[in-house]
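Close look at the chain arrangement
This is what each chain is made of:
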Amino acid sequence: MDEKNQTVVMEFLLLGFGDLNNFRILTFIVLLIVHIMALSGNILVIALVAAKKSLHCPMYFFLSQLSLSEILFTTDIVPNMLRLILEGGGKVSVSQCVFQFYLSAVPTIAQCLLLAVMSFDRHLAICRPLHYATIMTLTHQIQMVTICWLLGFSLSIVIYVFLRRLTFCYPNVIDHFFCDIAPLVQLSCSDTSSVELVTVLLAYPIILSPFLFIMGSYISILQTIIKIPSGIGRQKAFSTCSSHLSSVCLYYGTLATIYIFPLKEKFINANKGLTLLYALVTPLFNPLIYSLRNQDIRIAIYTFVRILQQGKD
């Protein structure tokens, strides 16, 4: 390795989407609109759950926490991504880059766990309805949500500490629009075995375990639904799970493609597209999925709109 490659760097060059030529402004406007819609949708969900007494139940409380995780994730990734689009790339310090990864890891881990908690809630409601009220108390809801967020912060800080110990040398170019762990490890010129070991021991289990728990919960739920004699009863029971199941498929589908089964480097643009889907489209889809497929949310939105119209009149 030559002398230049041995030189320690203090900043990275994020390429973003590269030179978009005449499509730069159009791309910026479209993604900005989607970002605003995603933020507005998730903020609306949180506001409705907090304001409407009809939504003061475990399922919607967990949904509001899911929206909070979406807000934290997308606000960490998208604003800087929009800057890179306008500038055709940009520089970021090593410390800022590592910290951005930490801020994205916290809601990612928390959301995996929250989706598992929501599946547990649906399992209790359908498979053990007589025990639901005694198990899913407000105290237990707060405890489960607190554990999800504490694990998100604590596990992420462990990986963050190990990343901060790495030394980075030339080349200092990241062909992406945000600082993910894979390019950080690849650009390090120091021993990365400890970071890779911690990631394998902590990150993968915390992502895969909730998914396996969710699958087990839905197998049990489907077995219970099949036994319901009434067709209307089966349809009603499944409708309470369909929104959550759609979110799980969308979230874990993109997450697994990006982190569990990543594409090869020659498909870097495909990886960017999947990450864009994960960072921007998924936060937009969740409010839409729950509002379109859930009658209580639709009624709350309709009531909210009527109140606004009456206020204008």
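Residues numbered from 1 in each chain as written. Predicted model: local features only at pLDDT ≥ 70, side-chain atom pairs only at ≥ 80, totals over all residues. Heavy atoms only, no water.

Within the protein, the regular secondary structure consists of 11 helices and three strands. Along the protein, helices (α) and strands (β) appear in the sequence α-β-α-α-β-α-α-α-β-α-α-α-α-α when read from the amino end. Taking the intrachain contacts of the protein between residues at least 6 apart in sequence as the baseline, contacts between residues at least 24 apart amount to 80%. About 16,100 Å² of surface is accessible on the protein, with carbon and sulfur atoms providing 67% of the total. (Helix = DSSP H or I, 4+ residues; strand = E, 2+ residues; numbered from the N terminus. Contact = heavy atoms within 4.5 Å. Areas by Shrake-Rupley, 256 points an atom, 1.4 Å probe, with all protein chains shown as cover.)

So, about the sheet that holds strand S1 (residues 11-14). What links the strands of a sheet is backbone hydrogen bonding, and the strands pair in either a parallel or an antiparallel sense. A sheet is described by the order of its strands in space; here three strands give the open sequence S2-S1-S3, paired in mixed fashion. The open sheet has two free edges, formed respectively by strand S2 (90-93) and strand S3 (173-174), since each of these has just one partner strand. Note that S1 and S2 share four bridges and pair antiparallel. By the bridge assignment for S2, Leu13 is matched with Lys91. Against the sheet, helix H3 (residues 58-87) engages S1 and S2, with an angle of about 140° to S2. Contacting S1, S2 and S3, helix H4 (residues 94-127) crosses the sheet at an angle of about 85° to S2. (Pairing = 2+ DSSP bridges. Axes fitted to C-alpha atoms, helices over the stretch in contact; angles between N-to-C directions.)

Here we come to the environment of Leu208. Assignment of secondary structure puts Leu208 in helix H8 (residues 193-227). Relative accessible area serves as the criterion here: at 38%, Leu208 is assigned to the partly exposed category. Residues Leu208 and Tyr252, 44 residues apart in the sequence, show an inter-C-alpha distance of 9.3 Å. (Buried < 20%, exposed > 50% of the residue type's maximum accessible area, 1.4 Å probe, protein only.)

Quick look at the UniProt feature "transmembrane region" (unreviewed entry) in the protein now. Per the UniProt entry, the sites bearing "transmembrane region" (unreviewed entry) are residues 25-48, 99-120, 141-163, 202-225, 237-261 and 273-292 in this numbering. Each end of residues 99-120 is marked by a C-alpha atom, and these two atoms are 32 Å apart; helix forms 100% of the span and strand 0%. (UniProt positions renumbered as here; feature names shortened; annotations may be inferred.)

This part covers the packing of aromatic side chains. Going through the model one piece at a time under the given rule, you end up with 12 aromatic pairs. Geometrically, the ring pair formed by Phe17 and Phe177 is stacked, given 5.1 Å between the ring centres and 20° between the ring planes. Of this pair, Phe17 sits in the loop between S1 and helix H2 (24-51) while Phe177 sits in the loop between S3 and helix H7 (181-187), placing them 160 residues apart in sequence. Classification of Phe177 by relative accessible area gives buried; the value is 0%. Aromatic side chains Phe211 and Tyr252 sit 5.0 Å apart centroid to centroid with 45° between the ring planes, which places their arrangement in the tilted category. One end of the pair, Phe211, is in helix H8; the other, Tyr252, is in helix H9 (residues 231-260), and 41 residues separate them in sequence. Accessibility expressed as a relative area gives 6% for Tyr252, which makes it buried. Above the plane of the ring of Phe162 lies Arg165, whose end atom (NZ or CZ) is 5.2 Å from the centre. (Phe/Tyr/Trp six-rings, centres within 6.5 Å; stacked < 30°, edge-to-face > 60°. Lys NZ or Arg CZ within 6 Å of the ring centre and 35° of its normal.)

A few words now on unusual backbone geometry. Among all residues save glycine, negative phi is the norm, and among peptide bonds the norm is trans. Cis rather than trans, the peptide bond between Tyr170 and Pro171 has omega equal to 0°. Within the secondary structure layout, Pro171 lies in the loop between helix H6 (138-164) and S3.

A few words on the nonpolar core. Membership of the largest hydrophobic core comes to 84 residues, with the highest contact counts inside it found for Phe12, Met81, Leu163, Leu184 and Tyr252. If you tally residues by element for this core, the top one is H4, at 18 residues. Not counting chain neighbours up to four residues away, the residues in contact with Met81 comprise Phe17, Leu31, Phe177, Leu276 and Leu280. (Core = buried A, V, L, I, M, F, W, Y, C linked by side-chain atoms within 4.5 Å.)

Counting across every chain of the model gives two disulfides. A sulfur-sulfur separation of 1.8 Å characterises the disulfide bridge that pairs Cys97 with Cys179. Torsion about the S-S bond of the Cys97 and Cys179 cystine: about -110°, corresponding to left-handed handedness. Pair noted here: Cys97 is in helix H4 and Cys179 is in the loop between S3 and H7, with a separation of 82 residues, a long-range link. Accessibility expressed as a relative area gives 0% for Cys97, which makes it buried. Residue pairing for Cys169: its cysteine sulfur links by disulfide to Cys189, the two sulfurs lying 1.9 Å apart. One disulfide, between Cys169 and Cys189, carries an S-S torsion of 55° and so falls in the right-handed class. Remark: Cys189 occurs in the loop between H7 and H8 and Cys169 occurs in the loop between H6 and S3; sequence separation between them is 20 residues. Cysteine pairing in the protein follows 1-3, 2-4, where each cysteine in a disulfide is numbered by its order in the sequence. (Disulfide = S-S within 2.5 Å.)

Let's shift gears to the pattern of salt bridges. Here the idea is simple: oppositely charged side chains can pair when their charged atoms come close. As enumerated under the stated definition, the model contains three salt bridges in all. In this structure, the salt-bridge partner of Glu87 is Arg83, at a minimum N-O distance of 3.0 Å. Of this pair, Glu87 and Arg83 are both found in helix H3, four residues apart, which corresponds to roughly one turn of the helix. Taking the relative accessible area as the measure of exposure, Glu87 reaches 49% and is therefore partly exposed. Arg83 sits in the partly exposed class, given a relative accessible area of 27%. (Salt bridge = Lys/Arg side-chain N within 4 Å of Asp/Glu carboxyl O.)

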